[in-house]
Amino acid sequence: MATEDLLPEHPPGAMRTGNIADELARGGVDLKVTLVSPARPLFEGRAHWIVATGLDGQFGVWPRHMPIVVALGGGPLRIGLAGGEVRHYAVKGGFLEVSHNEVTILVDAAVPKAEAPGVEAAAKAELAETNAELRHPASDSEFEDLLARRGWDQARIDLARKA
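Report on the accompanying structure. (Residues numbered from 1 in each chain as written. Predicted model: local features only at pLDDT ≥ 70, side-chain atom pairs only at ≥ 80, totals over all residues. Heavy atoms only, no water.)

### Here's the deal with unusual backbone geometry
We count it as follows: Only DSSP runs of H or I with at least four residues qualify as helices, and only runs of E with at least two residues qualify as strands; both kinds are numbered from the N terminus onward.
A positive phi angle, near 70°, is found at Arg64, a position not held by glycine. In this structure, Asn101 is a non-glycine residue whose phi angle is positive, near 65°. Structurally, Asn101 is set in the loop between strand E7 (86-99) and strand E8 (102-112).

See the structure below:
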């Protein structure tokens, strides 16, 4: 497998090579990752990188990342493993903590890629309802909640299409 295959999926228009994150992803240091929902543990193991959705958008975590605690929004979560394997999840809310190459991800709800096709119909119905409610939110707080719900709904739909 080529080194390029070990790198995370970059957004359209981003540099594919030559940035510090790529260099860290190639290094010999891994992250120890734990992903847990109230229903069950979802992942525990080593990873090269993580891309998660915070309340203010997506962010990446690499080995040697500074300690940080981030509130998660609804959206995709990707965990890059050795050999180029990527674990995909749709997550709803929670927190991600990084400390000394250990990443703990506590989510309110999550769907692994393998289970996504089973929730696609419900996610589509919820997305239609959420979009209707977004037309006339009662407050700024409700608007923020609806945006998070829309991210969760869309992440499940997108994940089901990848499965």
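There's more to say after this.
### Quick word on the side chain of Asn101
Formally: Whenever two N or O atoms come within 3.5 Å, that pair is a polar contact, provided that in protein one can donate a hydrogen and the other can accept it, and provided that, for residues adjacent in sequence, both atoms are side-chain atoms. Pairs of residues are marked as contacts when any of their non-hydrogen atoms sit within 4.5 Å.
Of the polar contacts made by the side chain of Asn101, one reaches the backbone nitrogen of Arg64; its length is 2.6 Å. Leave out the neighbours within four places in its chain, and Asn101 touches Val29, Asp30, Leu31, Lys32, Pro63, Arg64 and His65.

### Section: the side chain of Arg156
Put simply, the test is: Relative accessibility decides the category of a residue: with a 1.4 Å probe and only protein chains considered, values under 20% of the type maximum give buried, values over 50% give exposed, and everything between is partly exposed.
Relative to the helices and strands, Arg156 is located in helix H3 (residues 140-162). The buried category is assigned to Arg156, whose relative accessible area is 6%. Once residues within four sequence positions are removed from consideration, Arg156 is found in contact with Ala90, Val111, Ala116, Val119, Ala123 and Glu126.

### A few points about a negative patch on the surface
Quick note on the threshold: Here, patches come from residues exposed beyond 30% relative accessible area and free of salt bridges, joined within 9 Å for like charges and within 5 Å for nonpolar side chains (Val, Leu, Ile, Met, Phe, Trp, Tyr). For the accessible areas, the method is Shrake-Rupley and the probe is 1.4 Å, while residue cover comes only from the protein chains on display. We define a salt bridge as a contact between a side-chain nitrogen of Lys or Arg and a carboxyl oxygen of Asp or Glu at a distance within 4 Å. The positive count covers Lys and Arg only, the negative count covers Asp and Glu only, and His and the chain ends enter neither. Taken as the charge centre is NZ of Lys, CZ of Arg, CG of Asp or CD of Glu, depending on the residue.
Residues Asp56, Asp140, Glu144 and Asp145 make up a contiguous surface patch of negative charge. For Asp56, a relative accessible area of 84% translates into the label exposed.

### Looking at helix H2 (residues 120-134)
The following threshold applies: By definition here, a helix of n residues has an expected span of 1.5 Å times n minus one. To be clear, the arc concerns the directions from the helix axis to the C-beta atoms.
Between its first and last C-alpha, H2 extends 21 Å over 15 residues, near the 21 Å set by a 1.5 Å rise per residue. Those residues of H2 that sit buried are Glu120, Ala123, Leu127, Thr130 and Leu134. Seen along its axis, H2 keeps its buried residues to an arc of 80°; they face one direction.

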